[in-house]
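Residue-level listing of the chains:
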Amino acid sequence: MIAMCPEKKGPILFSNTFERKVGGAELNVAIGCARLGLKVGWISRLGNDDFGKYILKTARGEGIDVSEVKQVDGYNTSVYFREVLSDGASRSFYYRSNSPTETLNMNDVNEDYFKNSKVLHITGVLPSINEHNRAIILDAIEIAKRNNMIISFDPNIRLKMWTKEEAREFINKILPNVDILLVGDEEVEVLLGHSNIEKGIKEFHNNYGIKTVVVKRGAKGATGSDGKNIYDVPGIKPRALIDTVGAGDGFAAGFLTATLNGKELKESVEFANAVGSIVVGVEGDNEGLPYYEDVLVHLGKSKKIER
């Protein structure tokens, strides 16, 4: 969707000018993975308007395959406005009614597109928009499983889009099919009814059969578990804290990239922490998503010659 970002920090009530950018959790992850060197495809629907054209052009320019993204008549490309405060905290204001994703149905989901792919990454944002999208997610998971794909899931719960009860009911329905769960520490309480991370990790493993569970803890880092070993990986101090939006999407991109590159769990979490740390230093949903060599420099594993 289109992200309207304020040109000055402060309450949106007093923000008079905004810059048009591109946002959206799934697209942010796709951009992040592409910049880190993965081959990425994106399945979606956009309005047949100039905003839709701008998003499509941006995704294509990032090297993302957009052959399964269509522009449709009669629907407006979704927009949201952001409020960014001086400490980097933000709020979002969504305008997503009449979403083009309502036109996406299973006849549009090309199974051949799944056959040569390794991972299906989904979030809780798409199903939060309307019930129609929930059926699409369930069908996509079924196709992915049929083609031996890894299911990666970030709940990304937006309580402005659906209630805790709605989110818990739907997400708990799909968790048994998830292979990689990338969940925020606050989302553990929403899904399981308590905030104990260690207990929650065990429940995700034992009750849902999830192989890899990673709990994102913001500046504190992240905790990863494969069911046998649990690793508390400390956060990496950012060079600057400008904007926290998109950090979780960057984390997901980093974790998936490291995992597909054959890294062990602890190293994958560390790599993901580094990506998130870089993202918060740049304003915008995806402008701060780094390239692979930038992450290595941030981790101290490589040097960058500035001049």
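Residues numbered from 1 in each chain as written. Predicted model: local features only at pLDDT ≥ 70, side-chain atom pairs only at ≥ 80, totals over all residues. Heavy atoms only, no water.

1. Things to note about the packing of helix α6 (residues 164-174) against helix α7 (residues 185-192)
Then comes step 1: With their axes 8 Å apart at the nearest point, α6 and α7 run at an angle of 85° to one another. Here α6 is positioned roughly perpendicular relative to α7, judged by the angle of their axes. Residues K164, R168, I171 and N172 of α6 lie in contact with α7, whose contacting residues are E189, V190 and L191.
Then comes step 2: Partitioning the contact of α6 with α7 into residue classes produces three nonpolar, one polar and three charged. (Axes fitted to C-alpha atoms, helices over the stretch in contact; angles between N-to-C directions. Helix = DSSP H or I, 4+ residues; strand = E, 2+ residues; numbered from the N terminus. Parallel < 35°, antiparallel > 145°, perpendicular 65-115°, else oblique. Contact = heavy atoms within 4.5 Å. Nonpolar A, V, L, I, M, F, W, Y, C, P; charged D, E, K, R; others polar.)

2. Examining the packing of α7 against helix α8 (residues 197-208)
Then comes step 1: Packing of α7 against α8 brings their axes to within 10 Å, and their N-to-C directions diverge by 55°. Here α7 lies oblique to α8, going by the angle between them. The handedness of the crossing between α7 and α8 comes out as left-handed. In this structure, α7 contributes D185, V188, L191 and L192 to the contact, and α8 contributes I197, G200, E203, F204 and Y208.
Then comes step 2: Among the residues forming the contact of α7 with α8, the class breakdown is six nonpolar, one polar and two charged. (Left-handed = near helix turned anticlockwise from the far one by under 90°.)

3. Digging into the pattern of salt bridges
Then comes step 1: The final tally for this structure, using the stated rule, is 15 salt bridges.
Then comes step 2: Here R35 ties to E62 by a salt bridge, and the two come within 2.7 Å at their closest N and O atoms. Taken together, the residues span a long stretch of sequence, with R35 in helix α1 (residues 25-35) and E62 in the loop between α2 (50-61) and β4 (69-72) at a distance of 27 residues.
Then comes step 3: Residue R35 is classed as buried on the basis of its relative accessible area, which comes to 13%. (Salt bridge = Lys/Arg side-chain N within 4 Å of Asp/Glu carboxyl O. Buried < 20%, exposed > 50% of the residue type's maximum accessible area, 1.4 Å probe, protein only.)

4. Considering the nonpolar core
Then comes step 1: If you look at the biggest cluster of nonpolar residues, it comprises 42 residues, and the most contacted ones within it are L27, W42, I64 and F255.
Then comes step 2: Breaking this core down by element, the ones donating at least two residues are β1 (2-6), α1, α2, β9 (180-184), α9 (247-260) and α10 (265-279).
Then comes step 3: Among the elements that take part in this core, α10 stands out by supplying eight residues, more than any other.
Then comes step 4: Once residues within four sequence positions are removed from consideration, F255 is found in contact with I180, L182, T212, V214, L265, S268, V269 and A272.
Then comes step 5: Within the second largest apolar cluster, 34 residues are counted, among which are L181, V188, L192 and I210. (Core = buried A, V, L, I, M, F, W, Y, C linked by side-chain atoms within 4.5 Å.)

5. Considering the sheet that holds β9
Then comes step 1: Taken in spatial order, the six strands of this open sheet run β7-β8-β9-β10-β11-β12, and their pairing is mixed. Edge positions in the open sheet fall to β7 (119-123) and β12 (230-234), since each of these has one partner strand only. Looking at each pair of strands side by side, their axes are set apart by 15° on average, direction ignored.
Then comes step 2: The pairing of strand β8 (residues 150-154) with β9 spans two bridges and is classified as parallel. In the sheet register, S152 faces β9, and the bridge partner there is I180.
Then comes step 3: Across the sheet, α10 lies against β10 (212-216), β11 (221-225) and β12, angled at about 25° from β12, the strand it touches most. (Pairing = 2+ DSSP bridges.)

6. A few points about the sheet that holds strand β5 (residues 79-84)
In a beta sheet, neighbouring strands pair by backbone hydrogen bonds and run either parallel or antiparallel.
Then comes step 1: What the four strands build is an open sheet, ordered β2-β1-β5-β6; its pairing is mixed. Across the chains shown, the open sheet's two edge strands, defined by having one partner strand only, are β2 (18-22) and β6 (90-95). Averaged over all pairs of adjacent strands, the angle between their axes in this sheet comes to 25°, without regard to strand direction.
Then comes step 2: Pairing geometry for β1 and β5, over three bridges, is parallel. Residue A3 lies in a different strand from β5, and its bridge partner there is Y80.

7. Here's the deal with the side chain of R96
Then comes step 1: Of note, R96 is situated in the loop between β6 and α3 (111-115).
Then comes step 2: E26 is the oppositely charged side chain nearest to the buried, salt-bridge-free R96, at an N-O distance of 6.3 Å. (Lys, Arg positive; Asp, Glu negative; His and termini not counted.)

8. So, a negative patch on the surface
Then comes step 1: On the surface, a cluster of negative charge is contributed by E131, E165, E166 and E169.
Then comes step 2: Ranked by residue count, the leading element in the negative patch is α6, at three residues. (Patch = residues over 30% accessible without salt bridge, like charges linked within 9 Å, V, L, I, M, F, W, Y side chains within 5 Å. Areas by Shrake-Rupley, 256 points an atom, 1.4 Å probe, with all protein chains shown as cover. Charge placed at Lys NZ, Arg CZ, Asp CG, Glu CD.)

9. Focus: the environment of S15
Then comes step 1: Within the secondary structure, S15 sits in the loop between β1 and β2.
Then comes step 2: Through-space distance from the C-alpha of S15 to that of C5 is 9.6 Å; in sequence the pair is 10 residues apart.
Then comes step 3: When sequence neighbours within four positions are dropped, the list of residues in contact with S15 reads P6, K8 and G10.

The values reported here are purely geometric and, on their own, carry no functional implication.
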